[in-house]
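One letter stands for each residue in the lines below.
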Amino acid sequence: MEKHGRKGDISWISGSVVAAHGINDVEMGEIVEVGEEGLIGEVIRIKDEEFIVEIYENTSGLKPGEPVIASGKRLVAELGPGLLNNILDGIGRPLEAILKQKGPFITRGVKISTLPRNKKWHFKPTAMVGGLVEGGDIIGTTKETNMIDHKITVPPETNGKIVALEEGDFTVDDPIGKLETVSGIVPLRMMQEWPVRLPRPFQARLASDEPLVTGQRVIDVFFPISKGGTAAIPGGFGTGKTVMLHQLARWSNTQVVVYIGCGERGNEMCEVATDFPKLKDPRTGYPLMERTFLLANTSNMPVAAREASIYYGITVAEYYRDQGYDVSIMADSTSRWAEALREVSGRLEEMPVESGYPAYLPDRVAEFYERAGRVRTLGKPQRDGSVTVIGAVSPPGGDFNEPVTIHTLRFTGVFWALDADLAYSRHFPAIQWLKSYSLYANRLLSAWAQSFSDYSGQLQSWWKDFHQLFPELRDKALAVLNESSEIESIAKIIGENALPDDQRLILLTADTLKEGFLRQFAFDKVDSFCEPEKQFLLLKMMTDFHDQASVLIKNRVPIIKISSLPELQKMKRIKQDEGGIAAIRQLMEQCHKELRRIGEEYRVSSGV
Amino acid sequence: MAEKLQELTGLTYRGLKEIKGSLIMIEGIEDVGYDEIVRIRAPDGVERMGRVLEVGHGRAVIQVFGREIGLQINSIVGFSGSVFKIPLSEDILGRIFNGVGEPIDGAPKIISKDKYDINGMPINPVARIYPEEFIQTGISAIDGPLSLVRGQKLPIFSESGMPHNRIVAQIAKQATVRGKKEEFALVFAAIGQRSDEARFFIEQFKSTGALERSVVVMNLADDPAVERLFTPRIALTMAEYLAFDLGIHVLTILSDMTNYCEALREMSAAREEVPSRKGYPGYLYSDLASIYERAGKVKGRKGSLTQMPILTMPGGDLHHPIPDLTGYITEGQIFLDRDLFARGIYPPINVLPSLSRLMRSGIGEDKTREDHRSVADQLYYFYSMGMKARDLSRIVGEMSLSETEGRYLKFADAFERRFINQDENENRPIEKTLDIAWELLAMFPEDNLVRIEKKYIEKYGRRMRVNAPI
Ligand SMILES: Nc1ncnc2c1ncn2[C@@H]1O[C@H](COP(=O)(O)OP(=O)(O)O)[C@@H](O)[C@H]1O
Ligand SMILES: [Mg+2]
């Protein structure tokens, strides 16, 4: 598409949409520079005389007759070392560099490339000169951060013979070698480009049956997600979407994290950009920022770039996947992206179908989530990678019955339903256990064992004795929670005092589970991340307690004997205890002992 | 075709093509930019302001601010050659402006070479400093469970007839950052307010001596509705100037954003745009964000901009698009409750649907007190259980409540009466607020305070047990 010197001019301006004419061979999706200041825009419609451009920057002051210059390129992402530990705007401009150049406020017409051009990276070849390579083959590596060896690959759809390849310090632009292709010799570089709206190719999709360990109990135990899976987290404002996405970005056991702040608050992005360089990855001990790539199009930044930011982010995720990494991507919030689509569609006077959204909304949502998955990548050596996609959804009025939520749920495997009532009583994460689901749950629970080794080598042998138990405990706990909600609705009519003791026990256990297990304070030093062994022990402690207490109740031990046990309150607190696993084991013992004591008192022999 | 006139200031034309509500079409023009500000003089002698909404070769669509009644085809349109800018200098302090930024206090115009685009520019997220300085408002319901910090945008969700103005005035009067003596200022934007409401604020500022540290931008209920689209932006441009150019800590009050949104809806309808919920345009979210996000602290600049927008929820409905979209943008919300109001609780703040998202960073050891967060959490939990118990008691009667439920219910009552409720002139330091909280928590056995660390119960809770309300 190298066609230069194609120039036209503006004929009409209305907000972020500009009509122009004078370039006959302009392409859909082509990037153009608009006006004297060279504002960046993308061609979104072509008519016989005219074409329409969506501008990614503020258009105030733009005049008809100003120039429009076609770039010959689509909206591409620069891919190479330097993406991690970085924060970009919605179309890939580095915000730190903008701050240095322009001061604290974002002006328009800024042109700074994504990857720094002056920084040198040490490149180590792994391929041989003389070797035949094709798209996806790894030809060398460079240490991008302490956590990530950046694999330099042959761009997709390129092949040939390596005629030169050198070790040394290079910028992303410098040639690191040469490739002899059918159309001549081309330089090899550490950087490549990819049009963001196109999924990057791979060899094959693989089943994704390895759980993503997030350290968040309600997720890992009740509604788990797999590496390569997709999840939606809808909820009204203040129900905990952003905090949960931050938690997942912090603690999930993927190697690379892409976080997109899409039309949300500036201070939230500031928080991530300030905290992540200080927070340590629980597995490697390095600052989290070293595995993180941030994109920020906050709610006051131009709306059009919001739409692009989602594609930009997932392209970067795919690029690291293609290096053989497990990548997770969080988008907060996909609703703002859908609204940006709606806004552009409105300006084009397209026919709206539901709530003003265009008819192609479901297609766009599907296309986005389809870019998730675990794959066998292109190229040698053989490797697998995954992209896990987690999207926040912000339904108007917190009502899930609206187009973006509905269509998102059609295309995602996990549904974490946030609930305003839980949030009001400060039960966080406010994931409603009765409404949420994970289509991966059954498959993942039995696979938990492998992923535990990430956190503790010893654990595996410990786990072998127990992991068969795990699905059973989970089901038991869910059953108690379900039953308790039914009992509660009865209690609402007759009062709790009028309930039979076995039902009151269910309420008691449900309360322990809610407070002691489901509730997890994101900002607690100890509890922000809960390692798998601890999750399991907590669950076992509470379900054991319930089983044993049930036997007592059946044998007519009055509920007050159990409900007055101080151990009940201790179980609710132990998750935050600095004594960790040892303290839990101790409390478990204590619970057994107390229940046994009551059993003896009432001469109940069996089961306790 | 408009006739080109020779005038000194910019390009001027006579003759419109069409007038359609507050929109006018003009043809035969040249060199006009999108979003440019225009002045329109009709034969009635009234000068109106307008803004270019769409522009093509030789033609433009203009949004007229001010009254459209009286406009004629034979009007004169002057193009300013620039977007809406206002001159700013230190002299704005102590002054009163109308909704489009012209002084209305009889004192001279602001003269300055420095003119500021009222739309501002987005703050680069990496240029932000995360807000974390606790502002003590002296109101327990805010300081305890909904702490405000410098640079936060925290709206009040109210309904007409409720005392939001009094609460905001009390905050404006009492707000301090403890241990600091720094320059502060108030910027107050009246957006479509009744003149008695606007007067109330001016009187308040006067009586506390704050007026000379204040800027008032006033668009009253009988001023043209379309001007409301400018009012908050003008106020915020002034606030940004004070905060980021002059290094002052600024509290900005925008009252009432509902009127702003209605003006926006009106304009959108006039443009025949596809409406989204309840007739509001689909871009209401990003439009509101372009206002609310103009708050914060910025690297390399000394001041801060704290925003307290007030909005009245139409029909008291939290899910109405205005409070809904506001809540999605702001850093929390303070929710006023009719039921509390009816029971004589002042301030009638219902803490359950309220939230301060930045509270976490502003409280705790060295900032307020180490036990602050867990105490607030525990209050939330008990109060929410208390509300449930209250609902239940309405069905089954108080007698049928279990002992625990009964205790929750008593707690809820005491919490409203003793913690939330306070005098309009009472300025409670944070320690007092937390101590009252502990007195209330003493209604429960220590074991029940599961959201509070043991060491805090020992340190702060025990000594309060004697004062328990029952
Ligand atoms: N896991 C959590 N632990 C503690 N507090 C939380 C948690 N999740 C949410 N919160 C509280 O709720 C507030 C709103 O959460 P947030 O994620 O910003 O909501 P949303 O993005 O849905 O609007 C936060 O500021 C925090 O106070
Ligand atoms: Mg959020």
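Residues numbered from 1 in each chain as written. Chains lettered and ligands numbered in written order. Predicted model: local features only at pLDDT ≥ 70, side-chain atom pairs only at ≥ 80, totals over all residues. Heavy atoms only, no water.

Enquirer: Kindly report on the site of ligand 1, identifying the contributing residues and their values.
Expert: Residues in contact with ligand 1 amount to 15 residues; listed here are only the nearest, Gly238, Lys241, Thr242 and Val243 of chain A together with Arg357 of chain B. In this structure, ligand 1 is bordered by residues of chains A and B. A distance of 2.7 Å separates an oxygen atom of ligand 1 from a polar side-chain atom of Thr242 of chain A. Here an oxygen atom of ligand 1 and a side-chain polar atom of Arg357 of chain B are 2.6 Å apart. Considered on its own, ligand 1 offers 550 Å² of accessible surface; in the complex 92% of this is hidden by protein. (Near = heavy atom within 4 Å. Polar contact = N/O pair within 3.5 Å; in protein donor to acceptor, adjacent residues only side chain to side chain. Areas by Shrake-Rupley, 256 points an atom, 1.4 Å probe, with all protein chains shown as cover.)

Enquirer: Tell me about the packing of aromatic side chains, and please be specific about residues and values.
Expert: Under the defined criterion, the tally for this structure stands at 31 aromatic pairs over all chains. Cation over ring: Arg342 of chain A sits above Tyr357 of chain A, and NZ or CZ is 4.6 Å from the ring centre. The side chain of Arg426 of chain A reaches across the aromatic face of Tyr380 of chain B, ending 3.7 Å from its centre. (Phe/Tyr/Trp six-rings, centres within 6.5 Å; stacked < 30°, edge-to-face > 60°. Lys NZ or Arg CZ within 6 Å of the ring centre and 35° of its normal.)

Enquirer: Tell me what's going on with the sheet that holds strand S11 (residues 138-143) of chain A, and back it up with residues and numbers.
Expert: Residue and element names in this part refer to chain A. With antiparallel pairing, four strands are arranged side by side in an open sheet as S12-S11-S9-S14. In this open sheet, the two strands that pair with only one neighbour each are strand S12 (149-153) and strand S14 (168-170). When the angles between neighbouring strand axes are averaged without regard to direction, this sheet yields 40°. As judged from the two bridges shared by strand S9 (residues 121-125) and S11, these two strands associate in the antiparallel manner. Looking at the pairing, Pro125 lines up with Gly140 of S11. (Pairing = 2+ DSSP bridges. Helix = DSSP H or I, 4+ residues; strand = E, 2+ residues; numbered from the N terminus. Axes fitted to C-alpha atoms, helices over the stretch in contact; angles between N-to-C directions.)

Enquirer: Talk me through the environment of Lys73 of chain A; I want residue IDs and the actual numbers.
Expert: Residues and elements named next belong to chain A. Relative to the elements of secondary structure, Lys73 occurs in strand S6 (residues 67-74). A residue is classified by how much of its surface remains accessible, and Lys73, at 36% relative accessible area, is partly exposed. Sequence spacing of Lys73 and Pro195 is 122 residues, and the spatial spacing of their C-alpha atoms is 8.6 Å. Polar contacts involving the side chain of Lys73 include one to the side chain of Glu193, which spans 3.3 Å. (Buried < 20%, exposed > 50% of the residue type's maximum accessible area, 1.4 Å probe, protein only.)

Enquirer: Before we move on, could you go through the interface of chain A and chain B and cite the residues and values that matter?
Expert: In many analyses, interface size is given as the accessible surface area lost on bringing the parts together. With 75 residues of chain A at the contact, the number on the chain B side is 82 residues. The largest contributions to the chain A side of the interface with chain B come from Phe105, Phe237 and Arg573 of chain A, which together make up 12% of the buried area. Note that Lys63 of chain A and Asp31 of chain B form a salt bridge whose closest N and O atoms lie 3.4 Å from each other. Viewed at the interface, chain B and chain A are joined by 36 residue pairs in polar contact (both at pLDDT 80 or more). Elements with a contribution of two residues or more to the side of chain A that touches chain B: strand S1 (7-14), helix H1 (95-102), helix H4 (266-275), helix H5 (303-321), helix H6 (334-347), helix H13 (469-494), helix H14 (501-518) and helix H17 (566-573) of chain A. Tallied by class, residues from the side of chain A that touches chain B come to 28 nonpolar, 26 polar and 21 charged. As paired elements, S1 of chain A and strand S6 (residues 47-56) of chain B share three bridges and run antiparallel to each other. From the neighbouring strand, Ile13 of chain A faces S6 of chain B, where its bridge partner is Val55 of chain B. (Contact = heavy atoms within 4.5 Å. Buried area = accessible area lost by both parts, 1.4 Å probe. Salt bridge = Lys/Arg side-chain N within 4 Å of Asp/Glu carboxyl O. Nonpolar A, V, L, I, M, F, W, Y, C, P; charged D, E, K, R; others polar.)

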